[in-house]
Amino acid sequence: MSAQKKRIRKAVLPVAGLGTRFLPATKAVPKEMLTVVDRPVVQHVVDEARAAGIEHFIFVTGRNKGVIEDHFDNQFELEATLSSRNKTKELEALLADLPGAGQTSFTRQQAPLGLGHAVWCARDIVGDEPFALLLPDMLHHGKTPCLKDMMDAYAERGGNYIAVSPVPEDQTHQYGIVGVEDAKAKVSGITQMIEKPPKGTAPSNLHITGRYILQPEIFGLLATQERGAGGEIQLTDSMIKLMAAQPFHAVTFDGEIYDTGSKIGFLMANVVYALDREDIGPQLKAELKRLL
Ligand code: UTP
């Protein structure tokens, strides 16, 4: 099997950002632990990765993020109490959310130097194999898990993948943008990539949504990547370099994307995910109708 088609077993979840857009909520609580309905945002993303077949979760954490590690561990007192009170359903649900023994790794990004740097911090744990990368604050709400679609495309063609979705033309300067061979195709070759293009210069309106499948050669490029947009070490800049040597494909996600690191994205995600739920959806719908 060629190196660019090796099975994807590991996912990197960078959770070391400061979450400045969500202060003061994120002063002591990591933004990834804010809840969308009754699950922390990061749990929703781990759910997506597990549904796509990921077996090992690598969290790149930082200061004040220890609670994320605790969340993905057993909580003996709680489990014993649920058990002694015969709350079997609750206990089973809690345990079902946990990755198995040895299926998580945690490493630290000592300073938040940018997404590219956070990914580079995972290099030794990922090793010499392709991996998935999921930005835990970006919730992808659709019929099939976004990463699953990407894994299916990868299984056919190998290479590198980036999930994309259209944004209004006047907002392209706020995002990482790709140009593609065929904007109408679900999977298409990427021809160009640019982080936050100046207004009026974007090659398309397809923005990078926060899900990737990358070959391990990205790490060597990140190691020497100079700072880019916003003074941060940008993943996009190293992906542009890798694109000179390896194919990159865009997978258009057909669903809604919520940036839970922004207040409006977070609130919308809560409404949409709650409306999906059989236990509270109908009541919430009635309450919202009454309110509006
Ligand atoms: P964001 O761009 O949302 O940055 O990062 P942020 O710092 O967390 O949030 P704001 O803009 O200050 O509100 C996208 C993802 O990359 C991670 C974040 O944790 C988030 O999941 N990240 C970002 C890191 O792990 N390290 C960094 O240096 C930057």
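Scroll up a little and you will see the structure.
Since the model is a prediction, treat every value here as computed from it, not as a measurement.

Rules behind the numbers
Residues numbered from 1 in each chain as written. Predicted model: local features only at pLDDT ≥ 70, side-chain atom pairs only at ≥ 80, totals over all residues. Heavy atoms only, no water. Helix = DSSP H or I, 4+ residues; strand = E, 2+ residues; numbered from the N terminus. Rg over C-alpha atoms; globule rule 2.2 N^0.38 Å. Areas by Shrake-Rupley, 256 points an atom, 1.4 Å probe, with all protein chains shown as cover. Lys, Arg positive; Asp, Glu negative; His and termini not counted. Charge placed at Lys NZ, Arg CZ, Asp CG, Glu CD. Near = heavy atom within 4 Å. Polar contact = N/O pair within 3.5 Å; in protein donor to acceptor, adjacent residues only side chain to side chain. Nonpolar A, V, L, I, M, F, W, Y, C, P; charged D, E, K, R; others polar. Contact = heavy atoms within 4.5 Å. Core = buried A, V, L, I, M, F, W, Y, C linked by side-chain atoms within 4.5 Å. Buried < 20%, exposed > 50% of the residue type's maximum accessible area, 1.4 Å probe, protein only. Axes fitted to C-alpha atoms, helices over the stretch in contact; angles between N-to-C directions. Parallel < 35°, antiparallel > 145°, perpendicular 65-115°, else oblique. Salt bridge = Lys/Arg side-chain N within 4 Å of Asp/Glu carboxyl O. Phe/Tyr/Trp six-rings, centres within 6.5 Å; stacked < 30°, edge-to-face > 60°. Lys NZ or Arg CZ within 6 Å of the ring centre and 35° of its normal.

**Student:** Would you mind going over the overall build of the chain in detail, with residue names and values included?
**Tutor:** When its secondary structure is counted, the chain shows eleven helices and 13 strands. The C-alpha atoms of the chain give 19 Å as radius of gyration, which agrees with the globular expectation for 292 residues (19 Å, within 12%). Considering only C-alpha atoms, the chain reaches an extent of 60 × 45 × 40 Å along its principal axes. A total of about 14,600 Å² of accessible surface is found on the chain, and carbon and sulfur atoms cover 53% of it. Charged side chains in the chain number 32 positive and 36 negative. The centres of these two groups are separated by 3 Å.

**Student:** Describe in detail the site of the ligand, supporting the description with residues and values.
**Tutor:** Among the 18 residues in the neighbourhood of the ligand, the closest are listed as T20, R21, K31, Q109 and G114. The separation between an oxygen atom of the ligand and a polar side-chain atom of E32 is 3.1 Å. One nitrogen or oxygen atom from the main chain of G114 is found 2.8 Å from an oxygen atom belonging to the ligand. In the shell around the ligand, the residues fall into nine nonpolar, five polar and four charged.

**Student:** Which residues make up the side chain of H117, and what values do they have?
**Tutor:** Here H117 is to be found in helix α5 (residues 115-120). Every residue in contact with H117, bar those within four places of it in the chain, is listed here: Q109, A111 and I233.

**Student:** So what's going on with the nonpolar core? Which residues, and what values?
**Tutor:** Ranked by internal contacts, the top residues of the largest apolar core, which has 70 residues, are L147 and M239. The element best represented in this core is helix α7 (residues 146-157), accounting for six residues. Not counting the four nearest positions on each side in its chain, L147 is found in contact with E48, A49, A52, I54, A132, L134, Y212 and I213.

**Student:** Describe the packing of helix α3 (residues 76-84) against helix α4 (residues 88-96), with residues and values.
**Tutor:** Where α3 meets α4, the closest approach of the two axes is 8 Å, and the angle between their N-to-C directions is 150°. Judged on the interaxial angle alone, α4 and α3 are roughly antiparallel. Residues L78, E79, L82 and S83 of α3 form the contact with α4, whose participating residues are E90, L91, L94 and L95. The residue makeup of the contact of α3 with α4, split by class, is five nonpolar, one polar and two charged.

**Student:** How would you summarise the packing of helix α10 (residues 263-275) against helix α11 (residues 281-291) if you had to cite specific residues and measurements?
**Tutor:** Orientation of α10 relative to α11, taken along the N-to-C sense of each, is 130°, at an axis distance of 7 Å. Classified by the angle between their axes, α10 and α11 sit oblique to one another. Counting all contacts with α10, which are made through V271, A274 and L275, the residues of α11 involved are G281, L284, K285 and L288. Grouping the constituent residues of the contact of α10 with α11 by class yields five nonpolar, one polar and one charged.

**Student:** Describe the environment of E156, naming the residues involved and giving the relevant values.
**Tutor:** Its location among the elements puts E156 in helix α7. For E156 and K5, which are 151 residues apart along the polypeptide, the C-alpha to C-alpha distance reads 8.6 Å.

**Student:** How would you explain the side chain of D149 if you had to name every residue and give the values?
**Tutor:** Structurally, the position occupied by D149 is in helix α7. Once you skip the residues sitting within four places of it in the chain, D149 turns out to touch T144, K186 and V251.

**Student:** Tell me about the pattern of salt bridges, and name the residues and values.
**Tutor:** Pairs can form between side chains of opposite charge once their charged atoms are near each other. Under the counting rule described, the total for this entry stands at 17 salt bridges. Across the pair R211 and E48 runs a salt bridge whose closest N-O atoms are separated by 2.9 Å. Taken together, the residues span a long stretch of sequence, with R211 in strand β11 (residues 206-214) and E48 in helix α1 (residues 41-51) at a distance of 163 residues. A residue is classified by how much of its surface remains accessible, and R211, at 0% relative accessible area, is buried. Across the salt bridge formed by K148 and D152, the nearest N and O atoms sit 3.1 Å from each other.

**Student:** Describe the packing of aromatic side chains, with residues and values.
**Tutor:** A full pass over the atoms with the stated rule returns five aromatic pairs. A network of ring pairs unites the aromatic residues F59, F72 and F106 as a single cluster. Sitting over the face of the ring of W120, R123 holds its NZ or CZ atom 3.8 Å from the ring centroid.

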